[in-house]
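In case you want the letters, here they are:
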Amino acid sequence: METKIFTTAEITAAATALKSGELVAFPTETVYGLGADALNEEAVKKVYAAKGRPSDNPLIVHVADLASVEKFVGTLPADFLTLAKAFWPGPLTMILPILAGSLSKAVTGGLTTCAFRMPDNAPTLALIKESGTVLVGPSANTSGKPSPTTAQHVYHDLKDKVAGILDDGPTRVGVESTVLDLSDLQRPTILRPGAITQGQIAAVLDKPVFLDGHLVKADETPKAPGMKYKHYSPNAEVYMMPFTATVADWQQAIASFPRQKVGVLANAELLSKLPAGPQFPLGEKADVRSGNRFLFAGLRQLDEEAEVILVETFPATEKSAAYLNRLGKASGGKTYQK
Ligand code: TXA
Ligand code: MG
């Protein structure tokens, strides 16, 4: 199958492909998603095959309006509505119990709940509306690769496995959405950190919000303890540099791998002070938001060019939780030590 790149002027053609059960990757503000008609079980099954994803790992249903969520959930809880009003469209995924049988097992992985999200991307909201359905959308990478933040990343991983990719340029946020479990309304719990923080959610709900003890790896389900899905594991050895590292510390670290190609993923200001070699800028200056935006693109590129990748970190705060979570997985938790 030849993969077509749809421009944002070709939404009707992309919607037609989705309606006929084909896969079309779509842009969001976080990462690109691998879209299929959530109501077409055969189409949803193709998503798992294209990604090489374990089929009991549930999918997020992407909607363009609240009425679509209501169809599967029934009466929408007040806390859900409050959060949707505050953060949708936006990088918050909410898990709710669904009406029995309203979504196939291919979507829910056999759970009695489903994750819903309204992405903040105008072409994709138009695509959902025009396709007249709701779309499953796991990150559009091969399982085990970093999530794609450009249409080119999707093409690299899924060329000839999907009918099309709707190209809206690089994504703005860069890490996947915050996943919030609302299936127990007494205990709203973050399963995966994202750009929307625990504090922001707690402030809007005006009640405590919990963090899951073992936060979801980028590609894992938390409700299936013991299941160990493969997460992103680069070929290169990835090390987190302590956020306190000075320029001299970085130089020392780079020099400490004399027989290997060392790639550096850090802000441009810092890169300009380091020896030439494979580099990828995490934005202009040290900043967590730019870090989120460029982390996956940088890991993808440097994994092609280097055998060791040293990556900038930030002090652990709510705002850096998503960055440190994703980088922690990619590095296997390794911090560089002299
Ligand atoms: O930003 C995002 O969320 C992107 C864009 C494309 O929307 N999508 C995304 O999907 O990251 P995916 O499938 O790669 O990650 C969804 C995560 C998985 O860790 C999955 O296990 C979890 O959410 N999840 C989905 N439904 C769930 C449910 N009912 N209960 C618990 N976890 C669930
Ligand atoms: Mg993913």
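### A look at the nonpolar core
Judged by nonpolar contacts, the single largest core of 62 residues is most densely connected at Trp88, Phe116 and Ile201. Residue contacts for Ile201: discarding those within four places in its chain leaves Leu83, Phe87, Leu92, Thr178, Leu180, Ile190, Ile196 and Val209.

### What about the side chain of Asp79?
Tracing the chain through its elements places Asp79 in helix α4 (residues 78-87). Here Asp79 falls in the buried class, since its relative accessible area comes to 16%. Of note is the side chain of Asp79, whose polar atom sits 2.6 Å from the side chain of Lys207. Aside from chain neighbours lying at most four places away, what touches Asp79 is Leu185, Leu205 and Lys207.

### What about the sheet that holds strand β12 (residues 237-240)?
In a beta sheet, neighbouring strands pair by backbone hydrogen bonds and run either parallel or antiparallel. The sheet built from four strands is open, its strands ordered β12-β15-β13-β14 with parallel pairing. A strand with exactly one partner marks an edge of an open sheet, and here the two such strands are β12 and β14 (279-281). Between one strand axis and the next, the sheet turns by 15 degrees as a mean value, whatever way the strands run. Alignment of strand β13 (residues 262-266) against strand β15 (residues 308-311), held across four bridges, turns out to be parallel. Paired with Val264 across the two strands is Leu310, which belongs to β15. Running at roughly 150 degrees to β13, helix α9 (residues 247-255) makes contact with β13 and β15 of the sheet. In the packing of helix α11 (residues 288-305) onto the sheet, the strands contacted are β12, β13, β14 and β15, and the crossing angle to β14 comes to about 170 degrees.

### Observations concerning the environment of Pro170
With respect to the helices and strands, Pro170 occurs in the loop between β8 (164-166) and β9 (178-181). Taking relative accessible area as the criterion, Pro170 reaches 65% and is therefore assigned exposed.

### Observations concerning the pairing of strand β5 (residues 92-97)
β5 sits mainly inside the fold: five of its six residues count as buried. Pairing geometry for β5 and β9, over four bridges, is parallel. Bridging from a neighbouring strand, Met94 pairs with Leu180 of β9. When β5 meets strand β6 (residues 113-117), the two strands line up antiparallel, connected through four bridges. From the neighbouring strand, Pro97 faces β6, where its bridge partner is Thr113.

### Here's the deal with the pairing of β13
Side chains on a regular strand alternate between the two faces of the sheet. With five of five residues buried, β13 lies mostly within the body of the structure. Burial of β13 is two-sided: the residues Val262, Val264 and Ala266 facing one way and the residues Gly263 and Leu265 facing the other way are all buried.

### Remarks on the packing of aromatic side chains
Summed over the entire model, instances satisfying the criterion amount to six aromatic pairs. Ring centres of Phe257 and Tyr336 lie 6.0 Å apart, and the angle between their planes is 55 degrees; this geometry places the pair in the tilted category. Taken together, the positions of Phe257 in the loop between α9 and β13 and Tyr336 in the segment after α12 (321-331) put the pair 79 residues apart, joining distant regions of the chain. Accessibility assignment for this pair places Phe257 and Tyr336 in one class, buried. Judged by centre distance (5.0 Å) and plane angle (75 degrees), the rings of Phe314 and Tyr323 are edge-to-face. Judged by relative accessible area, Phe314 falls into the buried class, the value being 8%. Exposure remark for Tyr323: the relative accessible area of 0% places this residue in the buried category.

Each value, and the rule that gives it
- Residues numbered from 1 in each chain as written.
- Chains lettered and ligands numbered in written order.
- Predicted model: local features only at pLDDT ≥ 70, side-chain atom pairs only at ≥ 80, totals over all residues.
- Heavy atoms only, no water.
- Core = buried A, V, L, I, M, F, W, Y, C linked by side-chain atoms within 4.5 Å.
- Buried < 20%, exposed > 50% of the residue type's maximum accessible area, 1.4 Å probe, protein only.
- Contact = heavy atoms within 4.5 Å.
- Helix = DSSP H or I, 4+ residues; strand = E, 2+ residues; numbered from the N terminus.
- Polar contact = N/O pair within 3.5 Å; in protein donor to acceptor, adjacent residues only side chain to side chain.
- Pairing = 2+ DSSP bridges.
- Axes fitted to C-alpha atoms, helices over the stretch in contact; angles between N-to-C directions.
- Phe/Tyr/Trp six-rings, centres within 6.5 Å; stacked < 30°, edge-to-face > 60°.

Note that all results are geometric; they support no functional claim without further evidence.
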